[in-house]
Amino acid sequence: MAVSAHWCTDGTAITAMEQPRTIHDFGGFPQALFDMQYPAAGSRETVEKVRAALAEENVVADEHWGLDHGTWGVLCHLFPKADIPVVQLSLNMHLDFAGHFALGQKLSVLRKQGVLVVASGNIVHNLRLMPAKQPHAAGAAV
């Protein structure tokens, strides 16, 4: 299960389709990124586990969004064959830091159920703010 900073919604949503599409929600990058496909299957079982973990939240099952680059941009390096099922959870625009932290604590029970939880945002954000000649990634230990 992945939480991407690129899918902000009015409430909390989770991708619930059998085969989520690869979303190219960016611009101004090399064509190879636009050509990238990450054909991971979805998982209704994982959707139900997430919804159970967030029982107090109204988690809407979404059949339209897919996997954006905040998810596939990370997972393509971890699981290049896209051979694990992936569902993506949105960021609820109405939650503050404490609300998102509490949501993360609720999601932590999924690890005991064999669900990998990945949160992404900073490594695929603000790439244009990195100096072109910088020898290492912003914030990386040298």
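Peer 1: Could you give an account of the nonpolar core, naming the residues involved and the relevant values?
Peer 2: Judged by nonpolar contacts, the single largest core of 15 residues is most densely connected at Met1, Ile14, Val50, Leu54, Leu89, Leu107 and Leu110. Mapped by element, the contributors of at least two residues to this core are helix H2 (44-53) and helix H4 (97-107). Take this core: its biggest share by element is 3 residues, from H2. One finds Phe26, Tyr38, Leu67 and Ala82 within the second-largest nonpolar core, a separate group that totals 11 residues.

Peer 1: I'd love a proper account of helix H3 (residues 69-78), names of residues and values included.
Peer 2: Most of H3 is tucked away: 8 of the 10 residues are buried. Among the residues of H3, His69, Gly70, Thr71, Trp72, Gly73, Val74, Leu75 and Cys76 are the ones counted as buried. Each element contacted by the buried residues of H3 is listed here: strand S1 (2-9), helix H1 (31-35), strand S4 (88-92) and strand S5 (118-120). Its side-chain oxygen at 2.9 Å from the backbone nitrogen of glycine 70, aspartate 68 defines the N-terminal cap of H3.

Peer 1: Just give me the short version of the side chain of threonine 46, but keep the residues and values in it.
Peer 2: Among the secondary structure elements, threonine 46 is positioned in helix H2. Among the polar contacts made by the side chain of threonine 46, one reaches the side chain of serine 43 at a distance of 2.9 Å. Among residues more than four places away in sequence, those in contact with threonine 46 are Met1, Val87 and Val115.

Peer 1: Pulling in residues and values, what's your account of unusual backbone geometry?
Peer 2: At alanine 82, a residue that is not glycine, the phi angle is positive and equals roughly 50 degrees. By the secondary structure assignment, alanine 82 is in the loop between H3 and S4.

Peer 1: Please set out the pairing of S4 residue by residue, giving values where relevant.
Peer 2: Here S4 lies mainly inside the structure; 4 of its 5 residues are buried. Note: S1 against S4, 4 bridges, orientation parallel. Residue pairing in the sheet places valine 3 in a bridge with leucine 89 of S4.

Peer 1: Break down the pattern of salt bridges for me, with residues and values.
Peer 2: Summed over all chains, the structure comprises 5 salt bridges. With a shortest N-O distance of 3.5 Å, lysine 49 and glutamate 45 are connected by a salt bridge. Note that lysine 49 and glutamate 45 are positioned in helix H2 at a spacing of 4 residues, about one turn of the helix. Assessed through its relative accessible area of 23%, lysine 49 is described here as partly exposed. By relative accessible area, glutamate 45 is classed as exposed at 56%. Ionic pairing is found between glutamate 48 and arginine 51, a salt bridge with its closest N-O pair at 3.9 Å. Placement of both glutamate 48 and arginine 51 in helix H2 is noted, with a separation of 3 residues, approximately one turn of the helix. One salt-bridge network, held together by shared partners, links Glu56, Glu57 and Lys106.

Peer 1: Can you break down the packing of aromatic side chains residue by residue, with the values?
Peer 2: If you walk through the whole model with that rule in mind, you get 2 aromatic pairs. Note on tryptophan 7 and tryptophan 65: the rings are 5.6 Å apart at their centroids and 0 degrees apart in plane angle, and the pair reads as stacked. Separated by 58 residues along the polypeptide, tryptophan 7 in strand S1 and tryptophan 65 in the loop between strand S3 (59-62) and H3 bring together distant segments of the chain. Residue tryptophan 7 is classed as buried on the basis of its relative accessible area of 6%. Accessibility expressed as a relative area gives 22% for tryptophan 65, which makes it partly exposed. For the pair phenylalanine 97 and phenylalanine 101, a centre-to-centre distance of 6.2 Å together with 25 degrees between the ring planes defines the contact as stacked. With phenylalanine 97 and phenylalanine 101 both in helix H4, this residue pair falls 4 residues apart, about one helical turn.

Rules used throughout
- Residues numbered from 1 in each chain as written.
- Predicted model: local features only at pLDDT ≥ 70, side-chain atom pairs only at ≥ 80, totals over all residues.
- Heavy atoms only, no water.
- Core = buried A, V, L, I, M, F, W, Y, C linked by side-chain atoms within 4.5 Å.
- Buried < 20%, exposed > 50% of the residue type's maximum accessible area, 1.4 Å probe, protein only.
- Helix = DSSP H or I, 4+ residues; strand = E, 2+ residues; numbered from the N terminus.
- Contact = heavy atoms within 4.5 Å.
- Polar contact = N/O pair within 3.5 Å; in protein donor to acceptor, adjacent residues only side chain to side chain.
- Pairing = 2+ DSSP bridges.
- Salt bridge = Lys/Arg side-chain N within 4 Å of Asp/Glu carboxyl O.
- Phe/Tyr/Trp six-rings, centres within 6.5 Å; stacked < 30°, edge-to-face > 60°.

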